[in-house]
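# Examination of the molecular architecture
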Amino acid sequence: MENKQSELLLEEILIRKGAMVLRAVNHKLRQKMMHLIHEGGRMTVTSIYTALRIEQSVASQHLAILRRQNLLITEREGKYIFYSVNYQRLKELHQLAEKLIAAQENE
């Protein structure tokens, strides 16, 4: 019985983590940020909030969400932090979405 409970708990944790990743990309502003960074190659927070015409604090909060889900890569150069898209992570996310859609269609 305990083994089944721990398996269920583990599944619940994995589902919550997966939901957090999907929630991170399912936001219009974060989608715009990812697209902007993709177009720019790598960008600083200043160039991002300037291009999107948003407050620096708002940009930083959304970048932090994307970073926590490993959707962005950061590189420090002196006092600047550059953001770039983690294409490997996006590929994994895309593959997962395809599997979920295929499973739903097969029901």
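The rules behind each value
- Residues numbered from 1 in each chain as written.
- Predicted model: local features only at pLDDT ≥ 70, side-chain atom pairs only at ≥ 80, totals over all residues.
- Heavy atoms only, no water.
- Helix = DSSP H or I, 4+ residues; strand = E, 2+ residues; numbered from the N terminus.
- Buried < 20%, exposed > 50% of the residue type's maximum accessible area, 1.4 Å probe, protein only.
- Contact = heavy atoms within 4.5 Å.
- Areas by Shrake-Rupley, 256 points an atom, 1.4 Å probe, with all protein chains shown as cover.
- Salt bridge = Lys/Arg side-chain N within 4 Å of Asp/Glu carboxyl O.
- Axes fitted to C-alpha atoms, helices over the stretch in contact; angles between N-to-C directions.
- Parallel < 35°, antiparallel > 145°, perpendicular 65-115°, else oblique.
- Polar contact = N/O pair within 3.5 Å; in protein donor to acceptor, adjacent residues only side chain to side chain.
- Core = buried A, V, L, I, M, F, W, Y, C linked by side-chain atoms within 4.5 Å.

## Some words on the overall build of the protein chain
Assigned secondary structure in the protein chain consists of 5 helices and 2 strands. Seen in sequence order, the protein chain has helices and strands lined up from the N terminus as α-α-α-α-β-β-α. The proportion of buried residues among the 107 residues of the protein chain is 24%. If you take every contact in the protein chain between residues at least 6 apart in sequence, the share linking residues at least 24 apart comes to 51%. Summing over all exposed atoms, the protein chain offers an accessible surface of approximately 8,200 Å²; the carbon and sulfur share of this is 54%.

## Focus on the pattern of salt bridges
Close approach of charged atoms lets side chains of opposite charge pair. Tallying each qualifying case throughout the model produces 3 salt bridges. Between Glu77 and Arg42 there is a salt bridge; the shortest N-O distance is 2.7 Å. With Glu77 in strand S1 (residues 72-77) and Arg42 in the loop between helix H2 (28-40) and helix H3 (45-52), this residue pair connects regions lying 35 residues apart in the sequence. The exposure class assigned to Arg42 is partly exposed, which follows from its relative accessible area of 31%. Via salt bridges that share partners, Arg42, Glu75 and Glu77 belong to a single interconnected network.

## Remarks on the packing of H2 against helix H4 (residues 56-68)
One way to put it is that H2 packs onto H4 with a least axis distance of 10 Å and a crossing angle of 80 degrees. Relative to H4, the element H2 lies roughly perpendicular. Contacts between H2 and H4 pair Leu29, Arg30, Met33, Met34 and Ile37 from the former with Val58, Ala59, His62, Leu63, Ile65 and Leu66 from the latter.

## Details of the environment of Leu93
Along the chain, the position of Leu93 falls in helix H5 (residues 87-105). Judged by relative accessible area, Leu93 falls into the buried class, the value being 12%. C-alpha of Leu93 to C-alpha of Gly18: the two residues are 75 residues apart in sequence and 9.2 Å apart in space. With residues near it in sequence (within four places) discarded, Leu93 still touches Val21, Leu22, Val25 and Leu71.

## So, the environment of Arg67
In this fold, Arg67 is placed in helix H4. Separated by 19 residues in the primary sequence, Arg67 and Asn86 have C-alpha atoms spaced 9.4 Å apart. Only 3.2 Å separates the side chain of Arg67 from the side chain of Tyr83, close enough to count as a polar contact.

## Section: the nonpolar core
Side chains of a nonpolar character, in soluble globular proteins, are inclined to be buried together. Counting residues in each nonpolar core, the largest one holds 17 residues, and the members touching the most others are Ile37, Ile48, Leu63, Leu72 and Tyr83. Secondary-structure elements contributing two or more residues to this core are helix H1 (2-25), H2, H3, H4 and strand S2 (80-85). With 4 residues, H2 is the largest single contributor of residues to this core. The residues touching Ile37, leaving out its near neighbours within four places in the chain, are Arg42, Met43, Ile48, Leu63, Leu72, Tyr83, Ser84 and Val85.

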